[in-house]
Amino acid sequence: MPMMQVALTGLNERFGKARLHELAGGDLDLSAPFGELTRTLLGDELPRGFDEFVDTMPAGLQHGLVGALRSALERGLPVTFAWAPGYDWELTLWDVADTADTHGGLTVLIRSRYPGDAHPLGRATAG
């Protein structure tokens, strides 16, 4: 989906090896949900509609993702983001530590429906 590709490409640049040092020890609020963190980092670079879409990601996944990013920054690990289509929101993380021969990194795969693809359950909630 173009919107996620554009946003995640921007995050890949900022969390990549070449620019990771800019985020370490900065004023980045790593207790905020992922949507807010993304808005802080990318601002005007975000595609139209991204804000509303990413805010539909469940809060637990957003905070889990930000916790993983905080850990990666503390350890100086670069992060690679990717998106794939899915039925519901999913988050998959691969955390590879440094070895004697190579540097490690964190890979983040986010799965979601396309923004215009209504969920079959609609906005129903348990009551």
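Structural data are supplied above this passage.
Residues numbered from 1 in each chain as written. Predicted model: local features only at pLDDT ≥ 70, side-chain atom pairs only at ≥ 80, totals over all residues. Heavy atoms only, no water.

> When you look at the side chain of T38 in this model, what are you seeing that I'm missing?
Position of T38 among the secondary structure elements: in helix α3 (residues 34-42). A relative accessible area of 0% places T38 in the buried class. (Helix = DSSP H or I, 4+ residues; strand = E, 2+ residues; numbered from the N terminus. Buried < 20%, exposed > 50% of the residue type's maximum accessible area, 1.4 Å probe, protein only.)

> What am I meant to see in the packing of helix α1 (residues 2-15) against α3 here?
Between two packed helices, what matters for the description is the angle formed by their axes and the separation of those axes. Interhelical geometry of α1 versus α3 gives an angle of 70° and a closest axis separation of 11 Å. Relative to α3, the element α1 lies roughly perpendicular. Taken together, the residues of α3 that come into contact with α1 (itself represented by A7, G10, L11, R14 and F15) are F34, T38, L41 and L42. In the contact of α1 with α3, the residues fall into six nonpolar, two polar and one charged. (Axes fitted to C-alpha atoms, helices over the stretch in contact; angles between N-to-C directions. Parallel < 35°, antiparallel > 145°, perpendicular 65-115°, else oblique. Contact = heavy atoms within 4.5 Å. Nonpolar A, V, L, I, M, F, W, Y, C, P; charged D, E, K, R; others polar.)

> Quick question: what am I supposed to make of the pattern of salt bridges here?
For side chains bearing opposite charge, pairing can occur when the charged atoms are close. Taken as a whole and judged by the stated rule, the model has six salt bridges. Here R14 and E45 are joined by a salt bridge, their closest N and O atoms 2.6 Å apart. Placement of the pair is R14 in helix α1 and E45 in the loop between α3 and α4 (50-54), with a sequence separation of 31 residues. Residue R14 is classed as buried on the basis of its relative accessible area of 10%. Residue E45 is classed as partly exposed on the basis of its relative accessible area of 44%. For the salt bridge of R111 with E90, the shortest nitrogen-to-oxygen distance reads 3.9 Å. Remark: E90 occurs in strand β2 (residues 90-96) and R111 occurs in strand β3 (residues 105-112); sequence separation between them is 21 residues. We classify E90 as partly exposed; its relative accessible area is 36%. It is possible to trace a salt-bridge network through shared partners that takes in R39, D51 and D55. (Salt bridge = Lys/Arg side-chain N within 4 Å of Asp/Glu carboxyl O.)

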